[in-house]
Amino acid sequence: MTAGLATLPAKSMSRSRMRRRVLVFAAGGLLVLFVLLTVSLTTGEMPMPAGTALRALVGLGDSGDVLVVQQFRAPRAVAAIVAGAGLGAAGCVLQRLFRNPLASPDVMGVTGGASLGAVALIAAGASQTLIPVGALAGGLLSALLLGVFAWRSGLAVTRLVLTGLAVQAGLAAAVNLMIVRFPAELAGSALQWTTGSVYGRTWTEVWGAAGAMVPAFATALVLHRRLALLDLGDESAGALGLGTSAARLQLLFVAVALASLAAALAGPVTFVALAVPHLVRLVTGPPTAASLGLAGLTGAVLLLASDLVVQHLLPIEGLPVGAVTATLGAPWLLVLMFRQSSPVQRSHA
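Because the structure is a prediction, the values reported are computed rather than measured.

Enquirer: Describe the overall build of the protein chain, naming the residues involved and giving the relevant values.
Expert: Looking only at helices and strands, the protein chain features 15 helices and zero strands. Here the protein chain, with 349 residues, has 47% of them falling under the buried criterion. When the accessible area of the protein chain is evaluated, it comes to approximately 16,800 Å², of which 70% is carbon and sulfur surface.

Shown next as structure tokens:
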């Protein structure tokens with residue numbers, strides 16, 4: 001009895017320590033994000049002090065500074081933040097939903113489908129404000145294809161990854177074929193969807209995607225309890241009254257919506273959704289309701305930092321941010337696949 005009571009303070013201390021760790025991680029992430037945002041607003045061909053850039057952001061100061069900050073630098077930085085947050089949250093939901101550390105929108109073909117939808121609307125001459133709608137429809141199409149090809153196998157790790165890669169490759173081929181047949185004036189604007197870039201983003205595009213992403217993110221938070229029940233396994237979740245199939249479909253739709261809207265802003269950016277959930281778990285431990293918010297914050301920091309590297313640290317001008325994240329993501333994916341196929345991992349499967 002005494003031993004049992006002695007474990008209570010230990011558990012309380014563990015929860016308190018974990019809560020402090022989450023708060024420190026969140027505060028540090030917000031501080032880093034603010035610093036990166038300030039750097040993105042102050043650096044470039046027309047460098048300016050931080051105070052000048054922040055005043056220009058709210059419309060104060062020299063008209064030239066206001067134009068540079070409000071129309072060129074701020075939309076690009078905010079687009080990276082919004083897209084990174086959506087990718088991080090989507091990766092967090094998908095990896096928990098499938099209990100698979102390799103599950104992410106780019107591996108499973110969701111971002112490829114979103115790119116196809118966006119490029120199709122560009123080809124049709126649609127308004128820029130409708131591109132997020134096309135990206136969402138394309139993401140849902142890829143999710144449907146993935147479900148048709150892989151659901152019967154129980155979404156095993158190997159089948160899921162191979163099917164997702166096949167879907168992604170097929171959709172990428174369709175996008176490339178469309179771009180090749182585009183008129184020259186459309187090919188340039190559509191090409192970004194094959195690599196991933198936040199260059200040239202406008203406030204209309206940013207607010208359109210962000211406005212749709214906020215309710216999707218809120219829905220993911222509301223559905224977190226169902227995700228926690230699914231973590232227990234289908235039998236246990238069903239015994240607690242959860243309709244597992246319906247819950248999976250709801251969570252899959254939310255993850256696809258987040259990833260597709262992110263792709264509408266930044267194209268098929270890889271690595272972010274795959275790596276962010278692992279980084280969050282490494283710092284905060286087992287997933288909780290806070291993990292989703294931390295994943296969004298970490299994704300925003302990672303994509304904005306990658307875009308700053310592209311703009312100011314690499315010698316190649318005009319390199320898309322997707323090229324940098326893909327370079328980082330390839331070895332990361334190989335390491336994860338090696339760990340999944342190792343004898344230790346199989347013995348615990």
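Enquirer: Could you give me a rundown of a nonpolar patch on the surface, with the residues and numbers involved?
Expert: Where nonpolar side chains cluster on the molecular surface, the patch consists of L31, F34, V35, V39, L54, L57, V58 and L60 and spans about 690 Å² of accessible area. Those elements giving two or more residues to the nonpolar patch turn out to be α1 (2-42) and α2 (50-57). In terms of residue count, α1 provides more of the nonpolar patch than any other element does, four residues in total. The residue L54 is located in helix α2 in this model.

Enquirer: Run through the pattern of salt bridges, naming residues and quoting values.
Expert: With the rule as written, the count across this model stands at two salt bridges. Across the pair D307 and R76 runs a salt bridge, and its minimum N-O distance is 2.9 Å. One end of the pair, D307, is in helix α13 (residues 289-312); the other, R76, is in helix α3 (residues 63-97), with 231 residues separating them in the sequence. Across the pair, exposure class does not vary: D307 and R76 are buried alike.

Enquirer: Describe in detail α13, supporting the description with residues and values.
Expert: An α-helix turns once every 3.6 residues. As a result, residues three or four positions apart point the same way. Look at α13: 36 Å from first C-alpha to last across 24 residues, which is about the 34 Å you get at 1.5 Å a residue. Most of α13 is tucked away, with 17 of its 24 residues classed as buried.

Enquirer: Any chance you could break down the packing of aromatic side chains for me, citing the residues and the numbers?
Expert: This structure, assessed with the given rule, holds one aromatic pair. Between W203 and W207, the aromatic rings sit 5.4 Å apart at their centres with planes inclined by 15°, giving stacked as the arrangement. Within this pair, W203 and its partner W207 are both found in helix α8 (residues 203-222), separated by four residues, close to a single helical turn.

Enquirer: Lay out the packing of α3 against helix α11 (residues 244-266) in plain terms, naming residues and giving numbers.
Expert: The packing of two helices is summarised by the inter-axis angle and the distance between the axes. It is at 8 Å that the axes of α3 and α11 come closest, and there the two elements cross at 155°. When the axis of α3 is compared with that of α11, the two are roughly antiparallel. Classified by chirality, the crossing of α11 by α3 is left-handed. Of the residues in α11, those touching α3 at A79, V82, A83, G86, L87, A89, A90, V93, L94 and L97 are R248, L251, L252, A255, L258, A259, A262, L265 and A266. Along the lines of polarity and charge, the residues of the contact of α3 with α11 split into 17 nonpolar, one polar and one charged.

Enquirer: Hey, could you go over α2 for me, with residue numbers and the actual values?
Expert: Among the residues of α2, T52, A53 and A56 are the ones counted as buried. Relative to the axis of α2, the buried residues are bounded by an arc of 95° and lie together on one face. Once α2 finishes, G59 follows within two positions and takes phi at roughly 90°, a positive value.

Enquirer: Run through the side chain of T111, naming residues and quoting values.
Expert: Counting through the fold element by element, T111 comes out in helix α4 (residues 110-123). Dropping the residues within four chain positions of it, T111 is found in contact with L87, P105, D106, Q168, A263 and P268.

Enquirer: Report on unusual backbone geometry, specifying residues and quantitative values.
Expert: One non-glycine residue with positive phi stands out, namely F271, at about 80°. Along the chain, F271 falls in the loop between α11 and α12 (272-284).

Enquirer: I'd love a proper account of the environment of A190, names of residues and values included.
Expert: Mapped onto the elements of the fold, A190 is located in helix α7 (residues 184-191). Between the C-alpha atoms of A190 and G267, which are 77 residues apart in sequence, the distance is 9.6 Å. Ignoring sequence-local partners within four residues, the contact set of A190 consists of V119, I122, I179 and F182.

Enquirer: Any details on the confidence of the model for the protein chain? Residues and values, ideally.
Expert: Averaged over every residue, the pLDDT of the protein chain is 81; residues scoring 70 or more account for 86%. At the low end of the mean pLDDT range in the protein chain sits helix α15 (residues 343-348), at 44; at the high end sits α3, at 92. In the predicted structure, residues 1-8 sits below a pLDDT of 50 and forms zero contacts with residues beyond four places in sequence or in another chain. Every residue in residues 343-349 scores below 50 in pLDDT, and together they form four contacts with partners more than four places removed in sequence or on other chains.

Enquirer: Account for the packing of α8 against α11, with residues named and values stated.
Expert: The geometry of α8 relative to α11 is characterised by a closest axis approach of 9 Å and an angle of 165° between their N-to-C directions. Accordingly, the angle class assigned to the pair α8 and α11 is roughly antiparallel. Helix-helix and strand crossings are classified by hand; for α8 and α11 the assignment is left-handed. In this structure, α8 contributes E205, V206, A209, A212, M213, A216, F217, T219 and A220 to the contact, and α11 contributes V254, A257, L258, L261, A262 and L265. For the contact of α8 with α11, the per-class residue count stands at 13 nonpolar, one polar and one charged.

Enquirer: Before we move on, can you summarise the environment of Q70 with the specific residues and values?
Expert: When you line up the elements, Q70 lands in helix α3. On the accessibility criterion, Q70 (22% relative accessible area) is partly exposed. Taking the C-alpha atoms as reference points, Q70 and G59, eleven residues apart in sequence, are found 7.9 Å from one another. Discounting chain neighbours no more than four positions away, the residues touching Q70 are A56, L57, V58, G59, P75 and W203. Within polar-contact distance, the side chain of Q70 engages the backbone oxygen of L57 at 3.1 Å.

Conventions and cut-offs
Residues numbered from 1 in each chain as written. Predicted model: local features only at pLDDT ≥ 70, side-chain atom pairs only at ≥ 80, totals over all residues. Heavy atoms only, no water. Helix = DSSP H or I, 4+ residues; strand = E, 2+ residues; numbered from the N terminus. Buried < 20%, exposed > 50% of the residue type's maximum accessible area, 1.4 Å probe, protein only. Areas by Shrake-Rupley, 256 points an atom, 1.4 Å probe, with all protein chains shown as cover. Patch = residues over 30% accessible without salt bridge, like charges linked within 9 Å, V, L, I, M, F, W, Y side chains within 5 Å. Salt bridge = Lys/Arg side-chain N within 4 Å of Asp/Glu carboxyl O. Expected span 1.5 Å × (residues − 1). Phe/Tyr/Trp six-rings, centres within 6.5 Å; stacked < 30°, edge-to-face > 60°. Axes fitted to C-alpha atoms, helices over the stretch in contact; angles between N-to-C directions. Parallel < 35°, antiparallel > 145°, perpendicular 65-115°, else oblique. Left-handed = near helix turned anticlockwise from the far one by under 90°. Contact = heavy atoms within 4.5 Å. Nonpolar A, V, L, I, M, F, W, Y, C, P; charged D, E, K, R; others polar. Arc of directions from axis to C-beta. pLDDT = per-residue confidence, 0-100. Polar contact = N/O pair within 3.5 Å; in protein donor to acceptor, adjacent residues only side chain to side chain.

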